[in-house]
Amino acid sequence: MALARTRAVALLGVDGQIVDVEAAITNGVPGLHLVGLPDTALSEARDRVRAAIFNSGEVWPNRHVTVSLFPASLPKRGSGFDLAISIAVLGASEVLPPDACAGQVMIGELGLDGRIRPVSGVLPAVLAAADSGAETVIVASGNAAEASLVPGVRVIGVPSLRALLARLRDLPPPQEADEGTAAAAGPASHSDGLASRSRARRGELDLADVRGQAEGRKILEISAAGGHHVCFMGPPGCGKTMLAERLPTLLPDLDRGAALEVSAIHSVAGTLPAGQPLITRPPFQAPHHTASRAALVGGGSARMIQPGAASLAHRGILFLDESPEFAGGVLDGLRQPLEEGEVVIARSGATARFPARFTMLLAANPCPCAAPKTRDCSCAPSVRRRYLARLSGPLLDRVDLKSRLKEVTRAELRYDLELAESSKVVAERVLTARERTRARLADTPWRTNAEIPGRELRRRFAPQPRALATLDRPLADGRLSARGLDRVVRVAWTLTDLTGKERPTADEINQALGLWEGRA
Ligand SMILES: Nc1ncnc2c1ncn2[C@@H]1O[C@H](COP(=O)(O)OP(=O)(O)OP(=O)(O)O)[C@@H](O)[C@H]1O
Ligand SMILES: [Mg+2]
Ligand SMILES: [Zn+2]
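Thresholds, definitions, all that
Residues numbered from 1 in each chain as written. Chains lettered and ligands numbered in written order. Predicted model: local features only at pLDDT ≥ 70, side-chain atom pairs only at ≥ 80, totals over all residues. Heavy atoms only, no water. Disulfide = S-S within 2.5 Å. Buried < 20%, exposed > 50% of the residue type's maximum accessible area, 1.4 Å probe, protein only. Pairing = 2+ DSSP bridges. Helix = DSSP H or I, 4+ residues; strand = E, 2+ residues; numbered from the N terminus. Contact = heavy atoms within 4.5 Å. Axes fitted to C-alpha atoms, helices over the stretch in contact; angles between N-to-C directions. Near = heavy atom within 4 Å. Polar contact = N/O pair within 3.5 Å; in protein donor to acceptor, adjacent residues only side chain to side chain. Areas by Shrake-Rupley, 256 points an atom, 1.4 Å probe, with all protein chains shown as cover. Nonpolar A, V, L, I, M, F, W, Y, C, P; charged D, E, K, R; others polar.

K.L.:
If you had to explain the state of the cysteines to someone new, which residues and values would you point to?
P.N.:
One pass over the full model with this rule turns up zero disulfides. Here C231 stays free of any disulfide, with the sulfur of C238 as its closest cysteine sulfur at 11 Å. Of the residues examined, C231 reaches a relative accessible area of 1% and is grouped as buried.

Laid out in structure tokens, this is it:
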């Protein structure tokens with residue numbers, strides 16, 4: 001019996017696990033048998049592998065070939081196993097020297113013509129391979145740049161099965177007419193024109209475009225500095241959307257670790273920008289209010305569990321414009337990510353995990369009629385209350401900064417031009433404040449004030465002793481809950497870091513209370 005072994009990676013969410021691929025040739029009815037819980041896509045691999053081997057000018061072993069993938073209990077999906085299967089088959093049939101491929105990690109889909117196609121999720125897959133001690137990983141040329149982001153592992157990008165075989169046989173690479181295009185093309189979904197257009201547009205956005213709205217601007221600065229969730233409420237046309245879209249311009253670049261985390265999620269979703277596989281700017285996701293729960297928090301079938309906007313916004317911003325208009329129940333899905341910083345999706349035996357730690361930004365009109373001036377509103381008070389009640393409960397409770405914006409006056413629109421600070425100026429203050437926070441939190445796992453757990457706000461990171469006295473009244477009369485108290489203290493810390501003070505005083509606590517209540 002001839003045997004050969006290669007390795008591949010099974011992905012669940014952004015967690016990868018090494019899969020051993022073993023091919024054995026035995027006497028028996030000719031045919032290719034895949035064992036080890038392959039899903040339908042994997043069965044399709046059978047046809048692709050056969051055609052690709054044949055079209056690469058190799059001999060298909062007309063024998064009984066068994067390919068097993070284990071651990072068998074691990075759910076395996078997608079087409080990324082093609083390459084490891086085909087090389088194992090060729091090794092077992094001794095078309096290749098059996099140890100030429102021994103135990104190598106290979107990730108790629110085969111075209112019928114033998115071309116190696118890029119797959120989504122290569123970044124987390126290679127991260128998992130590196131974690132398991134693999135030194136070399138073979139991927140499609142079109143995935144090589146993305147795979148090379150992983151430190152400590154050698155990445156070999158190959159355009160075709162023919163080229164890979166030449167390599168494994170120590171022969172010079174074959175001449176391939178279409179090699180260039182194969183290397184340049186990412187998976188179809190990677191060339192997401194829409195995403196790159198909006199990115200380009202965002203590059204031009206600046207906080208200075210917003211006239212007036214000093215309070216709204218200040219709130220963005222506080223949110224950017226401390227990672228606090230925001231709700232903007234106000235009449236149509238007052239600049240809610242405009243302000244929200246400019247929050248990313250105030251945030252610093254992602255550090256290397258965060259950039260890899262974010263890119264891994266976008267790799268699985270197939271939304272990595274082509275030709276620029278590392279996402280270094282905080283992402284901005286703005287799902288439309290008609291979005292489904294799956295689009296918002298992730299979902300899909302067991303075969304293809306996909307991250308939602310909440311995960312695509314990881315380490316960035318999730319903007320829910322016209323938030324009361326989201327269908328009932330959809331926003332409830334945000335409860336888990338807001339609490340745990342990740343989304344867990346279970347589907348018939350498979351459980352996928354996607355990180356989802358984002359800053360939430362809500363925008364809302366005060367009522368469904370959306371009258372441009374408060375005096376034109378024809379809604380009954382009960383209608384207005386019910387409209388905003390759609391947001392309460394899980395969401396509004398967690399919003400540290402609530403702001404009621406007023407319409408901009410004509411004078412402001414005309415004269416505020418020079419007064420408005422640019423994003424660059426504000427981003428510098430944000431960075432300084434964030435550095436102060438980081439220095440204080442240096443020996444903790446938290447990076448921003450919004451992440452500090454309540455118990456630490458009472459021990460290590462307590463405000464000045466007398467500062468909290470101003471909260472006694474609101475606590476006593478029920479305006480402030482225990483959770484609200486923690487939120488007020490977190491914002492007070494951010495205000496302190498923005499001014500460079502040592503510790504929050506009654507001043508910062510008072511201001512933070514105002515922002516939490518939304519009375520400002
Ligand atoms: N403060 C402002 N400074 C400059 N332009 C503004 C301002 N507010 C509104 N505008 C102008 O009005 C347009 C609409 O603003 P925006 O979409 O942000 O309002 P909105 O509050 O989101 O309204 P809606 O409730 O209808 O969504 C902007 O594109 C901009 O041209
Ligand atoms: Mg708007
Ligand atoms: Zn109204």
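K.L.:
Which residues make up the sheet that holds strand β18 (residues 401-404), and what values go with them?
P.N.:
One open sheet accounts for five strands, arranged β11-β14-β17-β10-β18; its pairing is parallel. The sheet terminates laterally at β11 (284-285) and β18, the two strands that pair on one side only. Relative to strand β17 (residues 359-364), strand β10 (residues 230-233) is paired through four bridges, and the arrangement is parallel. Each bridged residue has a counterpart across the sheet, and for F232 the counterpart in β17 is A363. Running over the sheet, helix α8 (residues 214-226) touches β10, β17 and β18 and is turned about 170° from β18.

K.L.:
Which residues make up the site of ligand 1, and what are the values?
P.N.:
Among the 16 residues in the neighbourhood of ligand 1, the closest are listed as R211, G237, K240, T241 and M242. E322 places a side-chain nitrogen or oxygen 3.2 Å from an oxygen atom of ligand 1. The separation between an oxygen atom of ligand 1 and a polar side-chain atom of N365 is 3.0 Å. A total of 630 Å² of accessible area belongs to ligand 1 in isolation, and the protein chains cover 67% of it. Of the residues forming the shell around ligand 1, the biggest block, three residues, is contributed by helix α9 (residues 240-245). By residue class, the composition of the shell around ligand 1 is seven nonpolar, five polar and four charged.

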